[in-house]
Every structure is written in structure tokens, then in C-alpha cells.
Amino acid sequence: TTPEGHFRIQVKVPSRHMGDGRLTSDPNAYELSGVPWVSFFHGDGIAFHGAYWHDNFGRKMSHGCVNMRIPDALWLYRWSDPPAQPWDWNVKGLGARVHIFE
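Residues numbered from 1 in each chain as written. Predicted model: local features only at pLDDT ≥ 70, side-chain atom pairs only at ≥ 80, totals over all residues. Heavy atoms only, no water.

Participant: Help me out: how do you make sense of the overall build of the chain in this one?
Facilitator: Tallying secondary structure elements over the chain gives 1 helix and 7 strands in all. Helices (α) and strands (β) of the chain occur, in sequence order from the N terminus, as β-β-β-β-β-α-β-β. Relative to a compact globule of 102 residues, whose C-alpha radius of gyration would be 13 Å, the chain shows 13 Å and is just as compact. Along the longest, intermediate and shortest principal axes, the C-alpha atoms of the chain span 40 × 35 × 25 Å. In the chain, buried positions account for 34% of the 102 residues. (Helix = DSSP H or I, 4+ residues; strand = E, 2+ residues; numbered from the N terminus. Rg over C-alpha atoms; globule rule 2.2 N^0.38 Å. Buried < 20%, exposed > 50% of the residue type's maximum accessible area, 1.4 Å probe, protein only.)

The following block contains the structure:
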């Protein structure tokens, strides 16, 4: 479940490995490389990001993150503060406000 509340985007990265680092033969294991257009808004690593591994958007499918279509995640990444330039690998700052509610 995505945590509810008022947050701000704090860190943005164009691509991120997400998972627990334990390699396994389980095809459903939580280990995703190259997750695109990541905008972190919660201290527990919760973020908006693109999802290439499913197209079931609008349903609970993650470990708390908000999965988005890749073009939508790119739009949010470029539109929101803190501003990121194409050459930036890691941008930090007090960014856009995020309100999560069900």
C-alpha cells in the first residue's frame, strides 16, 4: 500500500535498480533493474516511476510505489521540482508537493 499523506518529491534519478539484492530463480521475485524516471517522495524509498513489467495501472501492484506508464513517469520527472537536467544523475531538493489519498 502506498502511504497516505502530504509529501514532497525529494530525490529524482533517471534510472534505478529496485529490489532487495538477492538473486533468485523465482520469476516473481522483487528485483528490477533499470526502473525509469524515478521521483522519490517518501523516506522509505517510495516513488513515482515508470513500469515496464506490467500494464495493469490503477491497481495495487508494487511495494508502495506508484507505477506509471513510462511516458507519464517521464513527464512527471521533467515537470516537477526539484528541476533535473538531462546530464543530472541524482537531483535532491525540496520539490513538488504530493498528496496521496485513497
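Participant: Whenever I open this one, the pairing of strand 4 (residues 46-50) confuses me. Can you help?
Facilitator: Successive side chains on a regular strand alternate, one facing one side of the sheet and the next facing the other. Of all 5 residues in strand 4, 5 are buried, a share of seventy percent or more. Burial of strand 4 is two-sided: the residues Ile 46, Phe 48 and Gly 50 facing one way and the residues Ala 47 and His 49 facing the other way are all buried. With 3 bridges connecting them, strand 3 (residues 31-42) and strand 4 associate as antiparallel partners. Paired with Phe 40 across the bridge in strand 4 is Ala 47. Count of turn residues in the strand 3/strand 4 antiparallel hairpin: 3 residues, of which Gly 45 carries a positive phi of about 85 degrees. With 3 bridges joining them, strand 4 and strand 5 (residues 66-68) adopt parallel strand pairing. Paired with His 49 across the bridge in strand 5 is Asn 67. (Pairing = 2+ DSSP bridges.)

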